[in-house]
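# Architecture at a glance
These are the residues of each chain, in order.
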Amino acid sequence: MKLLKTALVCTFAIGSSVALPSLVSMLPGVTLGSVYAQEQKTTKVPALREKVYSQLARAQKLADDGDAKAGLEALDSIKERSSSMNSYEIAMMNNFYGFIYYNENDLPKAIASFEKVIAEEGIPETLRLSTTFSLAQLAMANSDYNKVIDFLAKWDQINTKPKTDAYYVLKSQAYYQLKEYQKGIDNINLAIAQSDSEGKVPKENWLVLQRAMYYSLNQTDNVVAVLERMVKLYNKPEYWVQLGGMYGETGKEKQQLAILEAAYQQGFLTSKSDLRQLAQVYLYNGLAFKAADVMSKAIESGVAEKSAKNYAFIAEAMVQAKEDNKSVTYFAKAAELSDHGKYDQRMAEVLVNLEQFEDAADAARTALDKGSLDFESNAYVALGMAQYSLQNFDASILAFEQAEKHKKSQRLAEQWIKYVKREKLHAETLRTALL
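Treat the numbers as computed from the prediction; the structure is a model and nothing was measured. Sequence order sets the numbering: in each chain, residues are counted from 1 along the sequence as written. Local features in this predicted model are restricted to residues of pLDDT 70 or higher, and side-chain atom pairs are both shown and tallied only at a pLDDT of 80 or more, whereas totals for entire chains, interfaces and linings draw on every residue. Only hydrogens and water are removed before side-chain values are computed, so all heavy atoms of the structure are retained for them.

Moving on, we get to the overall build of the protein. Within the protein one finds 23 helices and zero strands. Burial analysis of the protein (435 residues in total) assigns 48% to the buried set. Considering only intrachain contacts with a sequence separation of at least 6, the fraction spanning at least 24 residues in the protein is 55%. All accessible areas in this document rest on Shrake-Rupley with a 1.4 Å probe, and a residue is counted as covered only by the protein chains that are shown. Summed over all atoms, the accessible surface of the protein reaches about 21,900 Å², with 50% contributed by carbon and sulfur. Strands here mean DSSP runs of E at least two residues long; helices mean DSSP runs of H or I at least four residues long; both are numbered from the N terminus. Residue exposure (1.4 Å probe, protein chains only): buried if accessible area is under 20% of the type maximum, exposed if over 50%, otherwise partly exposed. When checking whether two residues touch, look at their non-hydrogen atoms; a contact exists if any pair is within 4.5 Å.

This is how it looks when you write it as structure tokens:
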């Protein structure tokens, strides 16, 4: 069974990827007060003066208390005197603007403010590093994927420590959105490999991303491998179903049957599409009775509709399972729900095999009356055979003469006409001899 590409849509927890800390905690591991105390000792960074510190602290309190407007107004009053402020103080001011705009969900202004932070020379490298990475996260949240790559490139230039999985995942997400799937795969694979090397379980959304990009690159064997891992690690119903679909797409029908049957037994297949897929897989693998059983239970439970199509599926599966008597019931239900005569025709054919000739003749006539048959000749053949078995020879010959007009059944009809005529003559001769 083909796995619908929509089933492989990559869903990320973008919100958690870009969530920023509360106000001022962007400063690595410190509060505003501790920054003031510590940065005084760093000769490379200008001092954060007491007067500016107190004004920023006031803006911080207003914002923390939920009054973003007042916080911005306090920052605006500080900004009016920015000509007298040093580089570090201006950076801190813009840092606060950025946090307030972010908390107000104004991403463009937040990004613009944080860009002003890293544009200042006199700031701690730890602040420059963390702010640059946060800018990449904000650009992702703002759907500006090229900027994500740009910010990460800037971060890479100033970073001196080993890259974390967060770097690779964010970069991979951006490349996925840009449809540069190979670059995306390269990065998510690095994140997963790093997690594996540390003995950790990779995060679920990393594997979702990896799977989606492999599928986009048409690397179906890799998609299968990722889904197999997702089934083992997370055991979610949708992963079992998707793995079953991919086994079918890669020609591994036996594995597809095994995985879907196991999912069914665990109660993971609950939607009508999932149950129909299982029924079709059963039918494909010659397990026709199981196919009929799955679909009939789906209808009984209300998951699948009481539709002509579903009833006809069960009926055909019953025929393949050599349960012709049971198939008639479902063909009748399908026929009752249909304006065309296709299911009546199939019922007539089965009834002939069951030697229920009166019912077969009625079903064949109903099929012809309804019309819209794919193979009208089959209905005439079934009618002819039923009438012959009922010794209605003239009606049988008439039916076969109609079948004879169709190229598909012409030869068969000709043979039957000759046979029925001989049998008619024989019956009449016998009747005359008995008089």
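In this text, buried Ala, Val, Leu, Ile, Met, Phe, Trp, Tyr and Cys residues form a nonpolar core when linked through side-chain atoms within 4.5 Å. In this structure, L56, L75, M93, V148 and I188 are the most contacted members of the largest nonpolar core, which totals 139 residues. Counting residues per element, this core draws most heavily on helix 5 (residues 87-103), which supplies eleven residues.

On to the packing of aromatic side chains, then. Centres within 6.5 Å make a pair out of two Phe, Tyr or Trp rings, where for Trp the six-membered ring is used; the pair is then stacked when the planes are under 30 degrees apart, edge-to-face when over 60, and tilted otherwise. Using the criterion set out here, one finds 13 aromatic pairs in the structure. Look at Y97 and Y101: their rings are 6.1 Å apart centre to centre, the planes differ by 15°, and that puts the pair in the stacked class. With Y97 and Y101 both in helix 5 and four residues apart, this pair spans about one turn of that helix. As far as burial versus exposure is concerned, Y97 and Y101 are alike and both buried. For the pair Y388 and W416, a centre-to-centre distance of 5.7 Å together with 65° between the ring planes defines the contact as edge-to-face. One end of the pair, Y388, is in helix 21 (residues 376-389); the other, W416, is in helix 23 (residues 410-434), with 28 residues separating them in the sequence. Since its relative accessible area comes to 19%, W416 is described here as buried. The structure contains a cluster of three or more aromatic residues connected by ring pairs, namely Y388, F393, F400, W416 and Y419. Working rule: Lys NZ or Arg CZ, within 6 Å of ring centre, within 35 degrees of ring normal, means a charge sits over the ring. Taking the ring centre of F375 as reference, the NZ or CZ of K408 above it sits at 5.0 Å.

On to the packing of helix 19 (residues 342-353) against helix 20 (residues 357-370), then. Lines are fitted to the C-alpha atoms to define the axes, a helix being fitted only along its stretch in contact, and any angle between axes, read from their N-to-C directions, falls within 0 to 180 degrees. For the pair helix 19 and helix 20, the least separation of the axes is 8 Å and the interaxial angle reads 160°. Taken as axis vectors, helix 19 and helix 20 run roughly antiparallel relative to one another. The element helix 19 and its partner helix 20 pack so that their crossing is left-handed. Contacts from D344, Q345, M347, A348, L351 and V352 in helix 19 reach F357, D359, A360, A363, A364, T366, A367 and K370 in helix 20. Angles are sorted into four bins: roughly parallel if under 35 degrees, roughly antiparallel if over 145, roughly perpendicular if 65 to 115, and oblique for all others. Handedness of a helix crossing follows the sense of rotation of the near helix relative to the far helix, less than a right angle counterclockwise being left-handed and clockwise being right-handed.

On to the environment of G286. Note that G286 resides in the loop between helix 15 (272-284) and helix 16 (288-300). For G286, a relative accessible area of 58% corresponds to the exposed category. Separated by 31 residues in the primary sequence, G286 and A317 have C-alpha atoms spaced 9.5 Å apart.

A few words now on the side chain of S338. Position of S338 among the secondary structure elements: in the loop between helix 18 (324-336) and helix 19. Take S338: its relative accessible area is 9%, and that puts it in the buried class. If we ignore the near neighbours within four places in the chain, the residues touching S338 are A308, Y343 and K370.

Moving on: helix 12 (residues 220-234). The terminal C-alpha atoms of helix 12, which comprises 15 residues, lie 20 Å apart, in line with the 21 Å expected from a rise of 1.5 Å per residue. Those residues of helix 12 that fall on the buried side of the exposure criterion are T220, V223, V224, V226, L227, M230 and V231. Along helix 12, the residues classed as buried sweep out an arc of 165° about the axis, all on the same side. Along helix 12, the residues that are exposed and aim more than 90 degrees away from the buried face are D221 and K232. Tucked inside the fold, the buried residues of helix 12 contact helix 11 (204-216) and helix 13 (237-249). Positioned one or two residues after helix 12, N235 has a phi angle of 50°, which is positive. Expected span, for any helix, means 1.5 Å times one less than how many residues it has. In this description, the arc belongs to the directions extending from the helix axis to the C-beta atoms.

When the terminal C-alpha atoms of helix 11 are compared, their 19 Å separation across 13 residues agrees well with the 18 Å that a helix rising 1.5 Å per residue should span. Among the 13 residues in helix 11, eleven count as buried, and that is most of the element. Taken residue by residue, helix 11 has E204, W206, L207, V208, L209, Q210, R211, A212, M213, Y214 and Y215 as its buried positions. In this fold, the buried residues of helix 11 make contact with helix 9 (165-177), helix 10 (181-197), helix 12 and helix 13.

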